[in-house]
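Residue-level structure breakdown
So you can see what is in the structure, the chains are spelled out below.
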Amino acid sequence: MWKKSAILVIGSLLFLAADAEPASAPRLIYRSQKKRPKWIVKPPKDKKNLYFVGTRTGAESLNQAKREAVDNAVKEIVEYFGIKAETRYQAKASYYSTQIMDQIETKGEARVAGISLEEMYYEEWIEEGARTYNVFVLLQYPRAELEKEKKRLKEEEARKKREAIAIAEEGDKEREAGDLADALSYYGKAIKLLEGVESGGGIGEKIQEKAGALLRRLGLEALEYDKEGETSKGLKRPLRVKAFYQGKRGRMPLKHFPVEFEFKKGSGLLDKKVYTNKAGVAESSVRRINRPQAVNIVEARLSQEVISDFAPAKVVFQFRSKGEPIPLFVKAYFLNFGQGLSLIHI
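My aim in this report is to walk through the structure given alongside it, one point at a time. (Residues numbered from 1 in each chain as written. Predicted model: local features only at pLDDT ≥ 70, side-chain atom pairs only at ≥ 80, totals over all residues. Heavy atoms only, no water.)

Counting its regular elements, the protein contains 6 helices and 18 strands. Across the 346 residues in the protein, those meeting the buried criterion constitute 38%. Intrachain contacts of the protein at a sequence separation of at least 6 include 61% that bridge at least 24 residues. Total accessible area on the protein is roughly 21700 Å²; 52% of this is exposed by carbon and sulfur atoms. (Helix = DSSP H or I, 4+ residues; strand = E, 2+ residues; numbered from the N terminus. Buried < 20%, exposed > 50% of the residue type's maximum accessible area, 1.4 Å probe, protein only. Contact = heavy atoms within 4.5 Å. Areas by Shrake-Rupley, 256 points an atom, 1.4 Å probe, with all protein chains shown as cover.)

Written out as structure tokens, the structure is:
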């Protein structure tokens, strides 16, 4: 009996093994040339040109593979220029890639800023019903053009440094005259101009130190204000702050500096951005408070529009509100047949 059972088990296993299909291996169904070009693994060399190979394998679409292969080759070119700063690197790489792809898609060739697309080879593969694409591109860059571009980039950096120094000097003049808002504005422009400039020789750092020294000494204090208001009328007196620069000889008013006011608890209508006067005082009128409640909070802070990336000085105002809630209107449009759109308030 056991012999018969063993025979049945072995027979079943053999049947299942014969019925099972092996997993399909990747299969090449198309290639743009009969053979893979040799330049994929060994780029050409000559005295007049440099060659850069870009690769993308396993992409889900041919267009994606082309774009990423071009990006890969352009990355090598930009790195050859010695561009390391992220923003400048990305701008240069994006420019080249976009121009080359535009030419590929419209003419099948590319020639931009000295770069030429010498050759492109691609393959189409299928595995378990899914298609993938491999693309390889060969870009040529004449050595003379490349050196010319490197020289241009170097001259552009030198120009930006000169301009940044001149702008920062204007900031120094404004600082000496006591107009700190304009001084910080000039410093901010100079710092922005130097973004992405390689080997700045410490120019950007020095300007940032000047701006930072000013920013660390800026302060803001709240002046006397009403602790209670009405929903429909707001506060009787405007919220007032005094901005100042804490110098070695005491406080100096911070004039013509933007100050922002914002509800942090509760809501209403107020002047969101105002400027300090000669005494360093900025006023924001609270014209409406939307709800009666025990605590409304408004924050006032020095605006970052003058120079970004700093923690601004700030103060808060707390006050009560009484009265009836203010109805909030929402615009809604309804289509009346034969009459067009009608606007109502909800």
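It is worth spelling out helix H4 (residues 143-177) at this point. In an α-helix, one turn spans 3.6 residues, which is why side chains three or four residues apart end up on the same side. Its 35 residues place the ends of H4 52 Å apart at the C-alpha level, agreeing with the 51 Å of an ideal helix rising 1.5 Å per residue. Among all positions in H4, only Leu146, Glu149, Leu153, Glu157, Lys160, Lys161, Ala164, Ala168, Gly171 and Asp172 are buried. Backbone geometry just after H4 places Gly178 at a positive phi near 90 degrees. (Expected span 1.5 Å × (residues − 1).)

Phi at Glu128 is positive, roughly 50 degrees, even though this residue is not glycine. For Glu128, the location among the structural elements is in the loop between strand E4 (115-127) and strand E5 (130-142). Exposure remark for Glu128: the relative accessible area of 62% places this residue in the exposed category. The phi dihedral of His256 falls on the positive side, at around 55 degrees, and the residue is not glycine. Note that His256 resides in the loop between strand E9 (250-253) and strand E10 (258-265). A relative accessible area of 43% places His256 in the partly exposed class.

With that settled, the discussion passes to a positive patch on the surface. Positive charge collects at one region of the surface, where Lys35, Lys38, Lys42 and Lys45 lie side by side. Within the secondary structure, Lys42 sits in the loop between strand E1 (27-31) and strand E2 (49-59). (Patch = residues over 30% accessible without salt bridge, like charges linked within 9 Å, V, L, I, M, F, W, Y side chains within 5 Å. Salt bridge = Lys/Arg side-chain N within 4 Å of Asp/Glu carboxyl O. Lys, Arg positive; Asp, Glu negative; His and termini not counted. Charge placed at Lys NZ, Arg CZ, Asp CG, Glu CD.)

Helix H6 (residues 203-215) packs onto H4 with a crossing angle of 20 degrees between their chain directions and a minimal axis gap of 11 Å. Here H6 runs roughly parallel to H4, going by the angle between their axes. Crossing geometry of H4 relative to H6 is assigned as left-handed. Residues Lys161, Ala164, Ile165, Ala168, Asp172 and Arg175 of H4 lie in contact with H6, whose contacting residues are Ile203, Ile207, Lys210 and Leu214. For the contact of H4 with H6, a count of residues per class yields 6 nonpolar, no polar and 4 charged. (Axes fitted to C-alpha atoms, helices over the stretch in contact; angles between N-to-C directions. Parallel < 35°, antiparallel > 145°, perpendicular 65-115°, else oblique. Left-handed = near helix turned anticlockwise from the far one by under 90°. Nonpolar A, V, L, I, M, F, W, Y, C, P; charged D, E, K, R; others polar.)

Applying the stated criterion to the full structure yields 22 salt bridges. Salt-bridge contacts for Glu68 lead to Arg56; the nearest nitrogen and oxygen are separated by 2.3 Å. Here Glu68 is found in helix H2 (residues 62-81), whereas its partner Arg56 is found in strand E2, with 12 residues between them in sequence. A residue is classified by how much of its surface remains accessible, and Arg56, at 22% relative accessible area, is partly exposed. Taking the shortest distance from any N to any O, the salt bridge between Arg301 and Glu260 comes out at 3.3 Å. Taken together, the residues span a long stretch of sequence, with Arg301 in strand E15 (residues 293-302) and Glu260 in strand E10 at a distance of 41 residues. On the basis of relative accessible area, Arg301 is assigned to the buried category, the value being 18%.

Next up on the list: the packing of helix H5 (residues 180-193) against H6. Contact geometry of H5 with H6 gives a least axis separation of 9 Å together with a crossing angle of 150 degrees. As judged from the angle between their axes, H5 and H6 are roughly antiparallel. Crossing handedness for the pair H5 and H6: left-handed. Facing Leu180, Ala183, Leu184, Tyr187, Ala190 and Ile191 of H5, the residues of H6 in contact are Ile207, Gln208, Lys210, Ala211, Leu214 and Leu215. Its residues assigned to classes, the contact of H5 with H6 shows 10 nonpolar, 1 polar and 1 charged.

Note on placement: Ala190 falls in helix H5. Separated by 21 residues in the primary sequence, Ala190 and Glu169 place their C-alpha atoms 9.6 Å from one another. With residues up to four places along the chain from it excluded, the contact list for Ala190 reads Ala164, Ile167, Ala168 and Ile207.

With respect to the helices and strands, the residue Glu163 is situated in helix H4. In this structure, the C-alpha to C-alpha distance between Glu163 and Ala190, residues 27 residues apart in sequence, is 7.7 Å.

Bear in mind that shape data such as this cannot, by itself, settle questions of function.
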